[in-house]
Amino acid sequence: MTLKTLLLGAAATTVFAPMAMAERGADGHVGIIYWQAPSILNAYLSNGTKDIESASLVSEPMARFDPTGQLVPFLAETVPTVDNGGVSEDLMSITWKLKEGLLWSDGTPVTSADVLFSAEYCMHPEGGCSQFAKFDGIKDIEVLDELTVKVNFEEPKPYPYTAFMGNQSPIIQKAQFENCMGAKAPECTEENFAPIGTGPFVVTDFRPNDVIQMKANPHYRDPDKPAFATLTFKGGGDAMAAGRAVLETGEFDYAWNLQLSPDVLANMADGGKGKLVSAFGTLVERLEMNLTDPSPDLDPDIRATREAPHPFLTDQAVREALSMAIDRDLLVEIGYGQAGRPTCNLVPGPDIYASDNTGCLVQDMEGAKAKLDKAGWVDSNGDGIRDKDGVELSILFQTSTNAVRQDFQALIKQWWSELGVETELRNIDASVFFGGDPGSPDTFQKFYADVEMYANNFDGTDPQAFLANYRCDKEPQPDNQWQGQNINRYCDPEYDALIDELSRTAEIAKRSELAKKLNDMLTKDTFTIVPLVDRGRVSAHANDLGGVRLNTWDSEIWNAADWHRIK
Amino acid sequence: MTEPTPKVIPGSGGATPAGALTDPVPVTPPRSHWRDVWDQFKRHKGALLGGIIFLLIVLAVFIGPFFWSIDATYIDIRARNQGPSLAHPFGTDQLGRDTMARMMAGGQTSVAVGITAMALALVLGSFVGLIAGYFRKLDGPLMRLTDLFLALPLLPLLLVMVMLFRGSLNQAFGPETGIFILIVGAIGITSWMPTARIVRGDVLALKEREFVLAARSIGTTNTKMIIRHILPNVMSPIMVSATLGIANAIITESALSFLGLGFPPDFPTWGRLLFDAVDYLQQYPERVIWPGVAISLTVLSVNYLGDGLRDALDPRIRGR
Amino acid sequence: MLTFTIRRLVLSIPTLLFISLVIFLLLELAPGDPTAAQPLTIPPEVRERLREALGLGEPLHVRFVKWIVQFFWIEPQVLLDHLFGTSFAEGKQRLISWQTRSPIMDIVVQRLPQTLWVVGLSYVVGVLIALPIGILSAYRQYSIFDQIGTFVSMLGFSVPTFFTGVLLIVIFSVHLGWFPSIYDTTLVVNSWDNFMAQLRQMVMPVFVLALFNAAQISRFMRASMLDNLNQDYVRTARAKGLSERVVVLVHVLRNSMIPVVTVIALGVPQVFGGAIITEQVFKVNGIGQLLITAIQANDLPMVQTLTFIFAVLIVLFNLIADVLYGVLDPRIRYD
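If you're wondering where the values come from, they're calculated on a predicted model, not measured in any experiment. (Residues numbered from 1 in each chain as written. Chains lettered and ligands numbered in written order. Predicted model: local features only at pLDDT ≥ 70, side-chain atom pairs only at ≥ 80, totals over all residues. Heavy atoms only, no water.)

## A look at the confidence of the model for chain B
Residues and elements named next belong to chain B. Residues with a pLDDT of 70 or more make up 87% of chain B, whose mean pLDDT is 82. Below pLDDT 50 for its whole length, residues 1-19 participates in 16 contacts with residues either more than four positions away or in separate chains. Taken together, the chains of this predicted complex give a pTM of 0.83 and an interface ipTM of 0.85. (pLDDT = per-residue confidence, 0-100. Contact = heavy atoms within 4.5 Å.)

## Considering the interface of chain C and chain A
Often, the extent of an interface is quoted as the loss of accessible area upon association of its parts. In this complex, chain C contributes 50 residues to the contact, which on the side of chain A involves 59 residues. Together chain C and chain A conceal approximately 4200 Å² of surface at their shared face, both sides included; 53% is due to carbon and sulfur atoms. At the boundary of chain C and chain A, one finds zero salt bridges. Between the two partners, chain C and chain A, sit 13 residue pairs in polar contact (both at pLDDT 80 or more). For the side of chain C that touches chain A, the elements supplying multiple residues, two or more each, are α2 (44-53), α4 (104-139), α6 (161-175), α7 (192-229) and α11 (287-296) of chain C. Sort the elements by how many residues they give to the side of chain C that touches chain A and α2 of chain C lands first, with seven residues. In the side of chain C that touches chain A, the residues fall into 22 nonpolar, 19 polar and nine charged. (Buried area = accessible area lost by both parts, 1.4 Å probe. Salt bridge = Lys/Arg side-chain N within 4 Å of Asp/Glu carboxyl O. Polar contact = N/O pair within 3.5 Å; in protein donor to acceptor, adjacent residues only side chain to side chain. Helix = DSSP H or I, 4+ residues; strand = E, 2+ residues; numbered from the N terminus. Nonpolar A, V, L, I, M, F, W, Y, C, P; charged D, E, K, R; others polar.)

## Let's talk about the packing of helix α7 (residues 193-206) of chain B against helix α9 (residues 244-273) of chain C
A pair of packed helices is captured by two measures, namely the crossing angle of their axes and the spacing between those axes. Running from amino to carboxyl end, α7 of chain B crosses α9 of chain C at an angle of 150 degrees, the nearest separation of the two axes being 9 Å. Of the two elements, α7 of chain B crosses α9 of chain C, and the hand of that crossing is right-handed. Seen from α7 of chain B, the contacting residues are Pro194, Arg197, Ile198, Gly201, Asp202 and Ala205 of chain B; seen from α9 of chain C, they are Ile258, Pro259, Thr262, Val263 and Leu266 of chain C. Tallied by class, the residues present in the contact of α7 of chain B with α9 of chain C amount to seven nonpolar, two polar and two charged. (Axes fitted to C-alpha atoms, helices over the stretch in contact; angles between N-to-C directions. Left-handed = near helix turned anticlockwise from the far one by under 90°.)

## Regarding the interface of chain B and chain C
Contact residues are listed per partner, giving 56 residues for chain B and 60 residues for chain C. Counting each side, the surface lost to burial between chain B and chain C is near 5300 Å², with a carbon and sulfur contribution of 68%. For Arg197 of chain B, the salt bridge identified is with Asp322 of chain C, shortest N-O distance 3.3 Å. Viewed at the interface, chain C and chain B are joined by nine residue pairs in polar contact (both at pLDDT 80 or more). Of all elements in the fold, only α4 (136-151), α5 (154-173), α7, α10 (235-259), α11 (270-278) and α12 (286-313) of chain B reach the threshold of two or more residues within the side of chain B that touches chain C. Tallying contributions element by element places α12 of chain B first for the side of chain B that touches chain C, with ten residues. The residue makeup of the side of chain B that touches chain C, split by class, is 31 nonpolar, eleven polar and 14 charged.

## Here's the deal with a negative patch on the surface
Taken together, Asp299, Asp301, Glu307 and Asp479 of chain A make up a surface patch of like negative charges. For Asp479 of chain A, a relative accessible area of 71% corresponds to the exposed category. (Patch = residues over 30% accessible without salt bridge, like charges linked within 9 Å, V, L, I, M, F, W, Y side chains within 5 Å. Areas by Shrake-Rupley, 256 points an atom, 1.4 Å probe, with all protein chains shown as cover. Lys, Arg positive; Asp, Glu negative; His and termini not counted. Charge placed at Lys NZ, Arg CZ, Asp CG, Glu CD. Buried < 20%, exposed > 50% of the residue type's maximum accessible area, 1.4 Å probe, protein only.)

## Examining empty space enclosed by the protein
Residue and element names in this part refer to chain B. All told, the structure shown has ten cavities of 30 Å³ or more when counted by the stated rule. Taken as a whole, the largest cavity spans an internal volume of roughly 140 Å³. Lining of the largest cavity is provided by Asp93, Gln94, Arg97, Thr99, Arg102, Met103, Leu273, Asp276, Ala277, Tyr280, Arg287 and Pro291. Secondary structure elements with two or more residues in the lining of the largest cavity: α3 (99-134), α11 and α12. Looking at the lining of the largest cavity residue by residue, the class counts come to five nonpolar, two polar and five charged. (1 Å grid on protein atoms, 1.4 Å probe; cavity = no way out; pocket = protein on both sides within 12 Å on 5 of 7 lines; lining within 4 Å. Points joined across faces, edges and corners; volume = space filled by probe spheres on them.)

## Details of the nonpolar core
Ile230 and Trp270 of chain B together with Phe163, Ile217 and Met225 of chain C are the most contacted members of the largest nonpolar core, which totals 99 residues. Top element by residues in this core is α7 of chain C. It accounts for 14 residues. (Core = buried A, V, L, I, M, F, W, Y, C linked by side-chain atoms within 4.5 Å.)

## Describing helix α12 (residues 300-328) of chain C
Its 29 residues give α12 of chain C an end-to-end C-alpha distance of 41 Å, which sits within 8% of 42 Å, the value for a rise of 1.5 Å per residue. α12 of chain C sits mainly inside the fold: 23 of its 29 residues count as buried. (Expected span 1.5 Å × (residues − 1).)

## Side note on the pattern of salt bridges
Between side chains of opposite charge, a pair can form when the charged atoms approach closely. Residue and element names in this part refer to chain A. With the rule as written, the count across this model stands at 40 salt bridges over all chains. Its salt-bridge partner being Lys234, residue Asp210 comes within 3.4 Å of it at the nearest N-O pair. Here Asp210 is found in the loop between β7 (201-207) and β8 (211-216), whereas its partner Lys234 is found in strand β9 (residues 230-235), with 24 residues between them in sequence. By relative accessible area, Lys234 is classed as buried at 3%.

## Considerations on the pairing of strand β17 (residues 451-456) of chain A
Taken residue by residue, a regular strand's side chains alternate between the two faces of the sheet. All names here are of chain A. Summarising burial for β17: six of the six residues are buried, a large majority. Taking every second residue as pointing to the same face, both faces of β17 are buried, with Val451, Met453 and Ala455 on one and Glu452, Tyr454 and Asn456 on the other. Of the pairings in the sheet, the one linking strand β11 (residues 274-289) to β17 comprises six bridges and is antiparallel in character. Looking at the pairing, Glu285 lines up with Ala455 of β17. Pairing of strand β15 (residues 394-400) with β17 involves three bridges; the strand directions are parallel. Residue pairing across strands places Thr399 opposite Met453, the latter belonging to β17. (Pairing = 2+ DSSP bridges.)

Spelled out as structure tokens, the structure:
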């Protein structure tokens, strides 16, 4: 607190100009708090949001997504498209051109060699690059001149904005990382902790998993930006504490991802020191129905694989009834408030890909009961639980440990019990649940439960890769060490055919139609995936911090260069 | 000591010839050791009060639900976030579940887990400590084992335990008992070490005392020696460990269920109620107060109980 | 006593090696994966490559031996280089954390100041409060002082720090605005103002932890004093005409110290281990926070190294306690 006032004072005395707004470093100090602490500032060596977003203050890509999901050029002159000739007609290449006169923070010029190097760095087979998928399908990269590179693909790429795009694939300096290729990548501690970048800030001190201190980049391309001379990026604690530091005590200016109960948030916002901002992306909290039998009595090779179909969840009527019994509005009200909205879609955005599927939004308990009655699921033995042919509707419902998810579990259990379905709840530590360890019985991929709940989203704005996860052969099974994203073990040849068609289609309207069809097949046609809430992002910033535009498609602090102090 | 006035009445019975002088026969049997302990215990005000409060808590959580019939997991969404009222004396939580019912249900688990896990840790710790302190040959290996257990990282250890044993325990004892055993076992196995070290330290000093030498010189066996002479003299640190152990077990249980190691998430316990309520500290302060007071009261009452018991067991203090 | 100490020190080497093996196997067995923290969007092939880049493809024993060599051979060389400017360790592979891809020991050294300041100080404060309270409560058993002491210490122990910490923050940071709720680890103390700032940010975490530690230690102190106050030797000492102060503070106290020394020695390694919950609540980001984030991210080399350092301290301080027993009570012999 005192440090901040001190620095503010120092800044005020040195820059006592009337046009304080329009000068680099005029607004003194800004403090950002993330309740997860960054471990490394190289986006190619980590996939953690905390790492990638903190690195986005320093390293920049050719173009970013703006809050509406549109592409905006950053280091590139313009965003290449088929129309402006940047993307070839046959979709086999994309040509990126750097802005002129760009400088690294050490004063040297940014050239196409750096762009090429960034790709080589990540594509090195021994480097363990976390963003390797971004460079998937690239045949080679040609340097056309000092400022231009041409990326050639192995096959037509309808959506070519993967490499050098967004916060996960920034341009790094060749001179700095030259000796850090491949197996040496992890050894370059100094480079990974203080990368030379083109962004608005430069690292002065990095303490892994704790705090980063930065100062304004003297060579930033806009001479008037950033408005702040210094920046502190603190990590650690929990969402509650981060929110409190911005909204109630005013120690920090910006707090990230405040996933807290709505009434707690509202109460904190009454503190009067800051305000909440929210935006929606593609993150959907949903129920996954297991189409395979997770019974522990089965042989481990067969348990929860397609060889053992689920005793009752394979019946569409059951899945549909379970979905109908849920009041999504109430879930939103309890768990997310303004940061959530009920949804029936797996792909809730961007708007061109969102299906108009709203059938699930109204709870219909009687309809659900009637549906089960009609399908023959009635309580024949008087124990309060519906059954058919000796199979009881008894569900094990698991999710990761998280206060909101546990509230959802309790609510859903009550609705299902009203329906005549018995539910046993289980919560699992997130690091195990999402851990993917083939030796653990509790991972979400192994799915040793009947129903599970979590949230998932896709990178960028194009859902193709995401929807392709539900192909027949992509399910986790013993043969592939339980890896894969087809959690439900969904399999439909028609679906696979549509995916193939999508990957060959470039025209946006047609792509949108196909994506909606695929989305509907998984949700309202089969109820394999039961979406609950389209989860937005809530962050908070101090009242006097100007220029914040919350972005869910890219780094949340993507426009920190424009931030300023409101006087 | 309470007056042990031997009540003596002249023998008068049909068995003895009339008029014959008989020796006075003590009618009351010789006072047993445990009787003395009880008499002393009764006179310890703190202990008595602690005992009564503890009994009340146990009664409230185990008998209470028969009188307060709202189900602890029943959600009444319209009644959420209510303050104390006649319908809900302790208020309701963010889903509209009745806090009083949850306190009772939570208390059953917390008290049961707290006492059992503490007892397990105590028995294990005292046993290891006594054996290690008394038998020099076993001291080294047992203390190195203690070091090992102290060094093991708690979280990964618990995760491994749940991975290895949850399935089989569930199958053998059913889900609820299975998880209870797992939790009690996990807490017991990870918290016996301090007791073992403390007891061993005391035993090392005790066994060089004169009375031990005296007892040995009259041929007391090792088992007898430990039970009659050593154990009573290390009771006080054990009692302290017991009270601290209960608090520790109740809190650890909530941490375990948080990891997904414990009871299902809709199953309330005091530790979990407290943890969940911390977020609402500013809006609904009463929600932290109920479980906080319940845990503290339980620990305090057990502490006084332990104090009284320790005093009662100490023949030097008894009768002062 | 000296031979005993040396023998135990020598014996502790195989003990520690065995402990490190057990820890290693335990961590291997524990569910979890270093790529768990990564978002679900990355494809399985990339995950597999990440694992291989971290060295997870190598067999178990190779990785264990590598760790041993790095910990016991290369890291000491780095220390030597650092102290004397030599270059033994140049070009050798140091112990690298999976999360940060940087040398583990550097981070540990970076974290030590705040952990020692906050957790260490709270332990010292805790012990300094606990001993007099324990002694006085025992000497005046069942007096008002004893009752209050008992009440406060039991409350201090039974109310968890995740609650007391937040309560203090709400009162003193949010409502009164006296102390910061976020600990600033970058603060350099070089002036009076900075010193005051440091003091202000330390008050709450130190208080919370000191209360917790003092509660525990004072209970053992009191119980042990009570045991000894009624012994025959106390009567003898009084009969000899020794002053009450000498009787209590020299004779009784010395004989009552054994369990207290045990408890204090058990607590010291935890000081270095940091206080996980308190550090999280106050964002102190010390070694406790380092350990918990490493566990959550399945950063096995980091967890292994930190746990092993604690193991060394545990073995060392338990040895110190054993030696102190002999000093406090010369009748205790180990040979």
